[in-house]
Structure formats: structure tokens, C-alpha cells
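Chains, contacts and geometry: an overview
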Amino acid sequence: MAFRPFYMAREWVRAGHTVKIVAASYSHIRANQPKLGSAVLDEQIEGVDYRWYATPRYFGNGIGRVKNILTFLWALFWDARRLSHDFKPDVVISSSTYPMDIWPAWRIAKMVKAKLIFEVHDLWPLSPIELGGMSKWHPFILWVQLAENYALRHSDKVISMLPKTFDYMHSHGMAAHKFSYVPNGVNEEESAHPGQMPSEVQVHLDKLRLLGLPILGYTGTYGLANALDVLLDAAHLLNGRAQIVMVGTGPDRERLMARVKLEGLMNVAIFPSVPKPAVSSFLMALDIAYIGLLPRRIFRFGISPNKLMDYMLSGKPIVMAIDAGNDLVTETGCGITVAPGDATAVAQAVLRLATLSDDERTAMGQKGREFVLKNKTYRVLAASFLAAIGS
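Residues numbered from 1 in each chain as written. Predicted model: local features only at pLDDT ≥ 70, side-chain atom pairs only at ≥ 80, totals over all residues. Heavy atoms only, no water.

**Quick notes on helix 12 (residues 276-284)**
Of the positions making up helix 12, those classed as buried are Ala-278, Val-279, Ser-280, Ser-281, Phe-282 and Leu-283. The inward-facing, buried residues of helix 12 contact helix 8 (188-192), helix 9 (199-211), strand 8 (215-221), strand 9 (243-249) and helix 13 (306-314). (Buried < 20%, exposed > 50% of the residue type's maximum accessible area, 1.4 Å probe, protein only. Helix = DSSP H or I, 4+ residues; strand = E, 2+ residues; numbered from the N terminus. Contact = heavy atoms within 4.5 Å.)

**So, the pattern of salt bridges**
Under the counting rule described, the total for this entry stands at 20 salt bridges. Across the pair Arg-379 and Glu-188 runs a salt bridge whose closest N-O atoms are separated by 2.8 Å. With Arg-379 in helix 17 (residues 378-389) and Glu-188 in helix 8, this residue pair connects regions lying 191 residues apart in the sequence. Judged by relative accessible area, Arg-379 falls into the partly exposed class, the value being 46%. Of the charged contacts in the structure, one is a salt bridge between Arg-253 and Glu-254, with a shortest N-O distance of 3.5 Å. Judged by its relative accessible area of 54%, Glu-254 falls in the exposed class. (Salt bridge = Lys/Arg side-chain N within 4 Å of Asp/Glu carboxyl O.)

**A few points about the nonpolar core**
Judged by nonpolar contacts, the single largest core of 102 residues is most densely connected at Leu-123, Met-169, Met-246, Val-268, Phe-282, Tyr-290 and Ile-318. Apart from residues lying up to four places away in sequence, Phe-282 is in contact with Met-197, Val-201, Leu-205, Gly-217, Tyr-218, Thr-219, Val-245 and Val-247. Ala-9, Tyr-50, Trp-52 and Ala-388 belong to the second-largest nonpolar core, a separate cluster that totals 21 residues. (Core = buried A, V, L, I, M, F, W, Y, C linked by side-chain atoms within 4.5 Å.)

**A look at the sheet that holds strand 5 (residues 115-120)**
With parallel pairing, 4 strands are arranged side by side in an open sheet as 4-5-6-7. Strands with a single pairing partner mark the edges of an open sheet, and in this sheet they are strand 4 (91-94) and strand 7 (179-181). Adjacent strand axes in the sheet meet at a mean angle of 25 degrees when their direction is disregarded. When strand 5 meets strand 6 (residues 157-160), the two strands line up parallel, connected through 4 bridges. (Pairing = 2+ DSSP bridges. Axes fitted to C-alpha atoms, helices over the stretch in contact; angles between N-to-C directions.)

**As for the packing of helix 1 (residues 3-14) against helix 17**
It is the contact of helix 1 with helix 17, at a shortest axis distance of 9 Å, that shows an interaxial angle of 80 degrees. The orientation of helix 1 relative to helix 17 falls into the category roughly perpendicular. Residues Arg-4, Tyr-7, Met-8, Glu-11 and Trp-12 of helix 1 lie in contact with helix 17, whose contacting residues are Tyr-378, Arg-379, Leu-381, Ala-382, Phe-385 and Leu-386. Here the contact of helix 1 with helix 17 is composed, by residue class, of 8 nonpolar, no polar and 3 charged. (Parallel < 35°, antiparallel > 145°, perpendicular 65-115°, else oblique. Nonpolar A, V, L, I, M, F, W, Y, C, P; charged D, E, K, R; others polar.)

**Digging into the packing of aromatic side chains**
One pass over the structure, following the stated rule, counts 17 aromatic pairs. Between the aromatic rings of Trp-103 and Tyr-150, the centroid separation amounts to 6.3 Å while the plane-to-plane angle is 55 degrees, which identifies the pairing as tilted. Placement of Trp-103 in helix 4 (residues 102-112) and of Tyr-150 in helix 6 (residues 139-154) is noted, with a sequence separation of 47 residues between them. For Trp-103, a relative accessible area of 23% translates into the label partly exposed. For the ring pair Phe-166 and Phe-179, a centre distance of 5.6 Å and an interplane angle of 80 degrees mean the geometry is edge-to-face. In this pair, Phe-166 sits in helix 7 (residues 166-171) while Phe-179 sits in strand 7, placing the two residues 13 residues apart along the sequence. (Phe/Tyr/Trp six-rings, centres within 6.5 Å; stacked < 30°, edge-to-face > 60°.)

**Considerations on helix 2 (residues 63-78)**
For an α-helix the count is 3.6 residues per turn, leaving residues at separations of three or four pointing the same way. Between its first and last C-alpha atoms helix 2 spans 22 Å; for 16 residues at 1.5 Å apiece the expected length is 22 Å, and the two agree. All of the buried residues in helix 2 are Arg-65, Asn-68, Ile-69, Phe-72, Leu-73 and Leu-76. Buried residues along helix 2 cover an arc of 125 degrees about the axis, so they all sit on one side. The outward face of helix 2, more than 90 degrees from its buried face, is lined by the exposed residues Ile-63, Lys-67, Trp-74 and Trp-78. Elements in contact with the buried residues of helix 2: strand 1 (20-24), strand 3 (48-53), helix 3 (80-87), helix 4 and helix 6. (Expected span 1.5 Å × (residues − 1). Arc of directions from axis to C-beta.)

**A short note on the environment of Gln-243**
Note that Gln-243 resides in strand 9. Every residue in contact with Gln-243, bar those within four places of it in the chain, is listed here: Leu-208, Leu-211, Leu-213, Pro-214, Ile-215, Leu-216, Met-266 and Asn-267.

**A look at the sheet that holds strand 8**
The 6 strands lie next to each other as 10-9-8-11-12-13, forming an open sheet whose pairing is parallel. Bordering the open sheet on either side are strand 10 (268-272) and strand 13 (335-338), each of which pairs with just one other strand. In this sheet, adjacent strand axes meet at a mean angle of 20 degrees when their direction is disregarded. Strand direction decides the pairing type here: strand 9 and strand 10, joined by 5 bridges, are parallel. Considered in strand 10, the bridge of Val-245 is made with Ala-269. This element, helix 11 (residues 253-262), spans strand 9 and strand 10 of the sheet and lies at about 155 degrees to strand 10.

By themselves, these observations are geometric and do not establish any function.
Written out as C-alpha cells, the structure reads:
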């Protein structure tokens, strides 16, 4: 599941709107993929209509992913007339990580004279250039830049999940009045009704609790950008003083597990991802939560990671090793922010939080929880989104 579109759509349905999400059948960000017996599958999930187009699997960011993107765009483009005729949308939102779906979205919107909204998750092509090292003259990058420029110029509104993108977007042709900032948020219902963790994770956490050492946790993607090698470097410094538990999925999991074994990191445990409802249970079993990113200029535009919102909702103090254009951890006082890539600073921050009393850590974590419950629930954000587009 791509949770932001689903949570937004569910809130809009609850407010009386009808919502259809059109998506590819395979995405690397989903733990479970829909099962299609044909080229198209229509289904409904908690009141939200879904249409899945069959697309090929891929691994990494090579030609397989490009084929997946092209297959989805082709299917959406040729299904545009049927979508516009059957659904008759008032608003069409282009909301992929990449901007190329703006063209079929524009076609659908034009057919029914609907508003066209461009929702920005990441700045493509800047992300593959600055994170992936691709040349700005690469044919794929030129194609992506063409799509981004088109989207910024031709959309009726631009909704950014990143807070510091206005100047960049304005320089690429976006009119100033089009811009709004609506970040990622939290689903407070999962916190109120947490799911059960897999038994192996629960048993391990129960054993660690008997040791009396602080438990530092991570949940999310095992990817290079998430700076988990920094966390393992910090584990050496924390050996005998803190335990580390990681749950997630991603391309770096096997490599990280091999490193833990090779380096004899007895205070680190790496598990597969847990079901989304169980994430709350996992976080509540921790003392401290970790989030990191590599030091990259792209983060000057700000960040809006789902895991940070989940951490704050859990009421746990956070160690954040990120240098970005925004810093909710420092702004809310819900943890400690240190320089990215600095394992010593991460370890020192963990030990500093560990010296606090349980009440002091709880008070710190509650600052984050109170902030997101007031400002970042999807009920609030869904209403902000509609207000931004004038619907």
C-alpha cells in the first residue's frame, strides 16, 4: 500500500466524496502486491475505488523500473477516455513519485474539464541526479525534466509534500499562486488499535527488556539512503549500553545482516517488515527511535518521511541524523538531531536520552505526539488539501 493516497482518499470518502485511485500492479514500496488475473482489476478498499493496471516487476532503479513506468503510463493514457466517461472526475491528481503521469492525467482532466492537480512527493529529476549520480543530460533525466516543467506550468494547483520547494518550482515555471504545502501525516486509528507483532519480534523484545538496557529501534526501508550503516557503526559504540532492533524491507537487508554477523554485533537484531497495523506496537515497545539519511544537498528542500510521523505519534523520543531544510524533532523538542553520517554523534545522543528518567523521556516523546495529533492527522491534512485546491 502507498499509504498517503489511501489515507487521504479514505478521509475524502468519509467527507462525502467519491474517490478512485489508479495505480500500477507492482511497486517496490508495497509489501503485498494486488493479484491480477487480467490487464485491469477494479476493487474497493474501505470505500475507496481502486483500478490496477498490470505492470512488470522490477528490482532497483534500472531498465526494469523504466519498463514498469512506461507500461503504467501507456495503460493509463489509453484508458483515459473510459475513465473520464465512467467516473467523470471534478479533480484529477497526478501523484506518482515521478512526474510523467502528468500527461495522461492532463488528458483525463481535459476531457471532462476537471481541475488538474500536481502532487509532488520527491523532486524528480533532482533526486536521481543528486542521490543517484545521474547526469542532467541523460535521456531519462531530460524526459523527466520535460514532464516536471509541463506539470508545474499546466496544473491548476501544485501540492508539495516538501516545505522548501517554492523557489525551485517557481524557477521552473510554476505561477506563485498555485503552490501549497501539505506534508505526510499520521493515521491515529492505528495508534489507538495497534496490531500484534510477529512472534519472533515480540519474543526478542521481551528478552531485551529483561536486560534492562535501552532499546533503540528503526522501522522502514533497508536502503542505502537511510543511513543504516551509520546506525551499525554506532552499535559498536553502544555495545553493552544499548540494544538495537530493526524491522523493515528493502534491498540492503541481506548486506546489513551479513555485516552484523561478520562484525559480531550482538546488540543488533534485524527482522523483516511487520504488518502496518503492528508498527505501532513495535514502536511502543522501544525506548528511542532512530531515523537517518545520507548527507545530500537534495534534502535542503525539506523532508516528510512517513516513519518520522509514525515515530512522533508513538510518543517515543527520536534520534534524527539528518540535515534538512526542516527539522520537526528540534522544533517540537521531541528528541535530538545530530549531523548525518556521524556514528559517534548518534551514539552520544542515544546515551544522552538513556540517562533521562522514564518520565523525562515520556515527556519528550509526548511533545511529538501532541504536535502530530494536532497538526498532522490525515483528517486535518485531507481537509487542508481540499482547501488548497478550492474544492
